[in-house]
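Below are the chains, spelled out letter by letter.
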Amino acid sequence: MHARAALFDLYGDHLRPRGGRASVAALVRLMKPLEIAAPAVRTAVSRMVRQGWLEPVRLPQGAGYGLTPKCVRRLDDAASRIYRVGTPSWHGRWHLIVLEPVKDRPRRERVKAVLAFLGYAPLSETTWVGPRSSREVDHLLVSEGLRADRFDSALEGDPCELVARAWDLAAIGEAYERWLSEAVTLVGALPGGAPDDQVFATRSRLVHGWRNFLFRDPGLPPELLPPAWPGERARAYFEQEAARLLPSAAAFVDRELP
C-alpha cells in the first residue's frame, strides 16, 4: 500500500466518523502497522494538501490535518458504495454526459479518472454514460472549468448490449475472483487472538483492495449483470470480514488517535 492511498483509506474508514482530524504524530503511529515510514506519511500528507484533499489544523496534540469539503464529498460517496449505504434502485434510465473537448492531456486524464471512479464509461472521447447520476459531476466540472450537456435518458434498444460495449464485465468478474482468493488468504493468515494493530493492518489491506473496485465496477443494477455474478460473492465475504475485524481495528485507532 502506498502512503497516499493508505491515508485516504484511514481518513475514510476511521477518521471521518471521528471528526476527520488527526495530528501528524497520530498519523505516523497509525501508519506504522502498515510498514509505512514517517517520511512517506509526511510526503503523502503534503501532496494531499496541495491537491485539496487535506488542510492544516491546530489540535491540542499539535499540528494536524483535517478533511476539506472536497474530500468529505469524495469519502462519503466512496463509503456509500463500499458499504452499500442508501444505494438507489434503478429505473431503467441512463445518465449521459457530453463534455466539451479537452485538449490538455493531464486535464483530460484527470477528468477521465474521476468519471470512471463515479461509475461512468466512455461511449466516445466526449460522451460518457452511467447507470445513475452523481452529485460529484457538478464539482468536477467546476474544478476543471468544463462545460457539459447532461441527459437523463431512456435507451432504445437492449441495455445489456450497451453494457457490453461500455464495460468489460468479464475482466471485472475475473478481478473479483482474484480478489476473493487473495482476501481469503489474507484474512486466513491472521492468527486467533491477534493484537489490535495486526488486525488493523489486515483490515486496512482488505478495505484497500476492495476500494480499488470503485475505479472498475460502475455498480450496475442486478438485472444487467451476468448470472452468478462473482462480485456478489466477493461483496458478501468483504462485508462479513470487514464487520468482524472492525472492533479490534477501531480499538487500535482509538488508542493511537489522541
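Preceding this section is the structure that the text describes.
Worth saying up front: this structure is predicted, and the values here are computed from it rather than measured.

Chemist: Give a description of the overall build of the protein chain that names residues and reports values.
Modeler: Scanning the protein chain for helices and strands turns up 10 helices and seven strands. Taking 2.2 N^0.38 as the reference for a compact globule, 258 residues should give roughly 18 Å; the C-alpha atoms of the protein chain span a radius of gyration of 20 Å, in line with that estimate. Across its three principal axes, the protein chain shows a C-alpha extent of roughly 55 × 40 × 30 Å. Of all 258 residues assigned to the protein chain, the portion counted as buried reaches 47%. Summarising the internal contacts of the protein chain: among those between residues at least 6 apart in sequence, 76% fall at separations of at least 24. Of the side chains in the protein chain, 36 bear a positive and 31 a negative charge, and the two mean positions are spaced by 7 Å.

Chemist: Can you lay out the environment of alanine 26 for me, pointing to particular residues and giving the numbers?
Modeler: With respect to the secondary-structure elements, alanine 26 resides in helix 2 (residues 24–31). On the accessibility criterion, alanine 26 (0% relative accessible area) is buried. Put simply, alanine 26 and glutamine 61 are 35 residues apart on the chain and 9.0 Å apart in space, counted from C-alpha to C-alpha. Look past the residues within four positions of alanine 26 in its chain and what remains in contact with it is Glu256 and Leu257.

Chemist: Kindly report on the pairing of strand 3 (residues 62–67), identifying the contributing residues and their values.
Modeler: The buried fraction of strand 3 is high, at five of six residues. Judged from the three bridges that link them, strand 1 (residues 21–23) and strand 3 form a sheet pairing that is antiparallel. Its bridge partner lying in strand 3, arginine 21 is registered against glycine 66. Summarising the sheet, strand 2 (residues 54–59) and strand 3 pair through six bridges and their orientation is antiparallel.

Chemist: Explain the nonpolar core residue by residue, including any values.
Modeler: By size, the foremost hydrophobic cluster in this structure holds 46 residues, and its most contacted members are Trp94, Leu99, Trp167 and Trp179. Examining the composition of this core, we find that eight residues originate from one element, helix 8 (residues 169–188), more than from any other. Leave out the neighbours within four places in its chain, and tryptophan 179 touches Leu206, Gly209, Trp210, Phe213, Ala234, Tyr237 and Phe238. Counting 31 residues, the second largest nonpolar core, distinct from the first, contains Leu10, Val41, Ala201 and Leu257.

What counts as what
Residues numbered from 1 in each chain as written. Predicted model: local features only at pLDDT ≥ 70, side-chain atom pairs only at ≥ 80, totals over all residues. Heavy atoms only, no water. Helix = DSSP H or I, 4+ residues; strand = E, 2+ residues; numbered from the N terminus. Rg over C-alpha atoms; globule rule 2.2 N^0.38 Å. Buried < 20%, exposed > 50% of the residue type's maximum accessible area, 1.4 Å probe, protein only. Contact = heavy atoms within 4.5 Å. Lys, Arg positive; Asp, Glu negative; His and termini not counted. Charge placed at Lys NZ, Arg CZ, Asp CG, Glu CD. Pairing = 2+ DSSP bridges. Core = buried A, V, L, I, M, F, W, Y, C linked by side-chain atoms within 4.5 Å.

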